[in-house]
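Listed below are the residues making up each chain.
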Amino acid sequence: MKKTTWLMWILFTAVSMGLRLWQTLAGYEDSGLAKADFLPGILLPAVLLAATVFLALSARGLPNRRTEGQRLGVDFRFADNMPAVFCAVTGSFLVMLGGGLFAVSAAGSLMRLLPALLVVLSGGCALYMAFALYRENDPQGLALLVPICALIVLLVYVYRTNASDPVLMRSYIETLAVAALTASTTLRAAFYYGGSNPRRYVPVSALSALLSLTAAAEGGSLAYAALFVGYAAIELSYLAAANFSTQG
């Protein structure tokens, strides 16, 4: 992304996180219902919509759909790119930490244990991908598919867990974040398997990182905070490593 796009992304993210934290702290009645006409609750969807439109428009100059595969190591340069490597490694360990804490709290529940274990495995796959790309080795495609499966299972779990909550305001950011991460991870895998689309991938990846950090700002459990910050760091690592002008 261009410097101006990064700056705007930081601005949108900071505002979204602040609004979400404000809403979490003061946006609900004692009964648990959302306060009517609460300003952060009104502004946050507007900010997210503005961020989505801006990111989509800023990606118009990027290449469109391409059919050739094996472009992951060409379009994302991790070698000698320490900010990207740092974000990828840190994010991978945070995802594994979040999944591990989630597994510990599962207390024998298969519904909670399965997504937790898959999340830990996806963090390991992300770590493997970071080192493979840093060393300019050909990665195994399976390491790109496991995180997609983990996020799909996590999305189902998050949706089912929050389905009984009558206050949609309390859970919609979390659900949107996991859905966006699933879409971004799938689009990233296309750079390996063929059908890559930088013009679509970049805004989806940037938006998923924004939503993940906004979800982490809710101040919920340590497991979810580590999970969302970790996934956001992984998305940012690939955005920092992106070099779509390369034709190799």
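All of the points below concern the structure found in this document.

Conventions we followed
- Residues numbered from 1 in each chain as written.
- Predicted model: local features only at pLDDT ≥ 70, side-chain atom pairs only at ≥ 80, totals over all residues.
- Heavy atoms only, no water.
- Helix = DSSP H or I, 4+ residues; strand = E, 2+ residues; numbered from the N terminus.
- Polar contact = N/O pair within 3.5 Å; in protein donor to acceptor, adjacent residues only side chain to side chain.
- Contact = heavy atoms within 4.5 Å.
- Core = buried A, V, L, I, M, F, W, Y, C linked by side-chain atoms within 4.5 Å.
- Buried < 20%, exposed > 50% of the residue type's maximum accessible area, 1.4 Å probe, protein only.
- Disulfide = S-S within 2.5 Å.
- Phe/Tyr/Trp six-rings, centres within 6.5 Å; stacked < 30°, edge-to-face > 60°.

1. Here's the deal with the side chain of Thr214
Then, number 1: By secondary structure assignment, the location of Thr214 is in helix α8 (residues 198-216).
Then, number 2: For Thr214, the side chain forms a polar contact with the main-chain oxygen of Leu210, separated by 2.8 Å.
Then, number 3: Dropping the residues within four chain positions of it, Thr214 is found in contact with Ser16, Met17, Arg20 and Ile173.

2. Some thoughts on the nonpolar core
Then, number 1: Membership of the largest hydrophobic core comes to 65 residues, with the highest contact counts inside it found for Trp9, Leu72, Phe76, Phe78, Leu154, Tyr201 and Tyr238.
Then, number 2: Excluding anything up to four places from it in sequence, Leu154 contacts Pro115, Val119, Val178 and Leu227.

3. Digging into the state of the cysteines
Then, number 1: Following the criterion strictly, the structure yields zero disulfides and no others.
Then, number 2: Of all cysteine sulfurs, the one in Cys125 lies closest to Cys87, which takes part in no disulfide; the gap is 19 Å.
Then, number 3: Given the relative accessible area of 24%, Cys87 is considered partly exposed.
Then, number 4: The class for Cys125 is buried, based on a relative accessible area of 12%.

4. Describing the environment of Ile10
Then, number 1: Its location among the elements puts Ile10 in helix α1 (residues 3-26).
Then, number 2: Here the alpha-carbon distance between Ile10 and Leu210, two residues 200 residues apart in the chain, equals 8.5 Å.

5. Here's the deal with the packing of aromatic side chains
Then, number 1: Counted according to the given criterion, the structure contains 14 aromatic pairs.
Then, number 2: Note on Phe76 and Tyr238: the rings are 5.5 Å apart at their centroids and 80° apart in plane angle, and the pair reads as edge-to-face. Within this pair, whereas Phe76 is found in the loop between α3 (72-75) and α4 (82-104), its partner Tyr238 is found in helix α9 (residues 222-241), the two being separated by 162 residues in sequence. Of the two residues, Phe76 and Tyr238, neither departs from the other in class, the shared state being buried.
Then, number 3: Their ring planes at 20° and their centres at 5.8 Å tell us that Phe191 and Phe244 sit as a pair that is stacked. Within this pair, whereas Phe191 is found in helix α7 (residues 172-193), its partner Phe244 is found in the segment after α9, the two being separated by 53 residues in sequence.
Then, number 4: Overall, the relative accessible area of 0% leaves Phe191 in the buried class.

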